[in-house]
Amino acid sequence: TALLFYRSVRQQITTPFILSVSFAHLLYSTIILPLLATRFYTRQSESAGWTGLCKVFPVLFYLVLGASILSLMSVTINRTCILLFQEKAQNICNVKVRNVVIFLCWLLPLAILTPSTFGQYGQVVLNDYTQSCTIGPDDNG
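Residues numbered from 1 in each chain as written. Predicted model: local features only at pLDDT ≥ 70, side-chain atom pairs only at ≥ 80, totals over all residues. Heavy atoms only, no water.

1. Focus on the layout of surface pockets
Then, in step 1: Here the largest pocket defines a volume of roughly 170 Å³.
Then, in step 2: Lining the largest pocket are 13 residues, and of these Phe17, Ile77, Asn78, Val97 and Val101 lie nearest its centre.
Then, in step 3: The dominant element in the lining of the largest pocket, judged by the number of residues it contributes, is helix α4 (residues 51-84), at five residues.
Then, in step 4: Of the residues in the lining of the largest pocket, the class split is nine nonpolar, three polar and one charged. (1 Å grid on protein atoms, 1.4 Å probe; cavity = no way out; pocket = protein on both sides within 12 Å on 5 of 7 lines; lining within 4 Å. Points joined across faces, edges and corners; volume = space filled by probe spheres on them. Helix = DSSP H or I, 4+ residues; strand = E, 2+ residues; numbered from the N terminus. Nonpolar A, V, L, I, M, F, W, Y, C, P; charged D, E, K, R; others polar.)

Quick look at the structure:
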C-alpha cells in the first residue's frame, strides 16, 4: 500500500527490485504451490495426464526461484553500491541500469533452463519415487 500512497517510495531506485521479488513470490504462490499440492494430494503419476505439466513445471519452478534469488541479490548489490560509492551512486544506480538488471534477473534463469527444456543438456523427467518432475540426466548421462 505504500507504493500507492507515497510517491517517494515509488521513486526509490530499489522499489522495482522489490517488485520483481514480489512478482516472483506471487507466481510461486499462485501457480507452483497449487500444482505441488495437487500433485502430492492426488499422488498423480505420468500415466494420469501430468506429462504436459511435467515439461512445464520444472522450468517454471526454477525460473521463479532463480529470478527471486537474483532479484534479492540485485537489491543487495544496489544497496552496497549506494553505501560504498555515494558520490558515483547516481551514475552507477540509474534507471536504465536498474531496468537492464531486472530484465537479466528473469532472462538468465530462462536462458540456463532452455537447453534442458529441449533435451539438449539433460532432460525433464518424472521421478516416480518422489512424485516430482525435475531436470535429470539424459541418455548421455
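On we go from here.
2. Some thoughts on the nonpolar core
Then, in step 1: Within the largest apolar cluster, 16 residues are counted, with the highest numbers of intra-cluster contacts made by Ile32, Val64 and Trp106.
Then, in step 2: When residues of this core are traced back to their parent elements, those giving at least two are α3 (15-42), α4 and α6 (95-117).
Then, in step 3: Looking at which element gives the most residues to this core, the answer is α4, with eight residues.
Then, in step 4: Setting aside residues no more than four positions away along its own chain, Ile32 makes contact with Leu27, Phe57, Leu60, Phe61 and Val64. (Core = buried A, V, L, I, M, F, W, Y, C linked by side-chain atoms within 4.5 Å. Buried < 20%, exposed > 50% of the residue type's maximum accessible area, 1.4 Å probe, protein only. Contact = heavy atoms within 4.5 Å.)

3. Brief notes about α3
Then, in step 1: With 28 residues, α3 ought to run about 40 Å at 1.5 Å a step, and its terminal C-alpha atoms sit 40 Å apart, in line with that.
Then, in step 2: Of all the bends found along α3, the most pronounced is centred on Tyr28 and spans about 35 degrees.
Then, in step 3: Residues Thr15, Pro16, Phe17, Ser20, Val21, Ala24, Leu27, Ile32 and Arg39 constitute the buried set of α3. (Expected span 1.5 Å × (residues − 1). Bend = angle between axes of the 7 residues up to and from the residue.)

4. Section: α6
Then, in step 1: Between its first and last C-alpha atoms α6 spans 33 Å; for 23 residues at 1.5 Å apiece the expected length is 33 Å, and the two agree.
Then, in step 2: Maximum bend of α6: about 25 degrees, positioned at Cys105, with proline Pro109 one to four residues after it.
Then, in step 3: Between the side-chain oxygen at the start of α6 and the backbone nitrogen of Lys96 there is a gap of 3.3 Å, and the oxygen is on Asn94.
Then, in step 4: Looking one or two residues beyond α6, the residue adopting positive phi is Gly119, at roughly 80 degrees. (Polar contact = N/O pair within 3.5 Å; in protein donor to acceptor, adjacent residues only side chain to side chain.)

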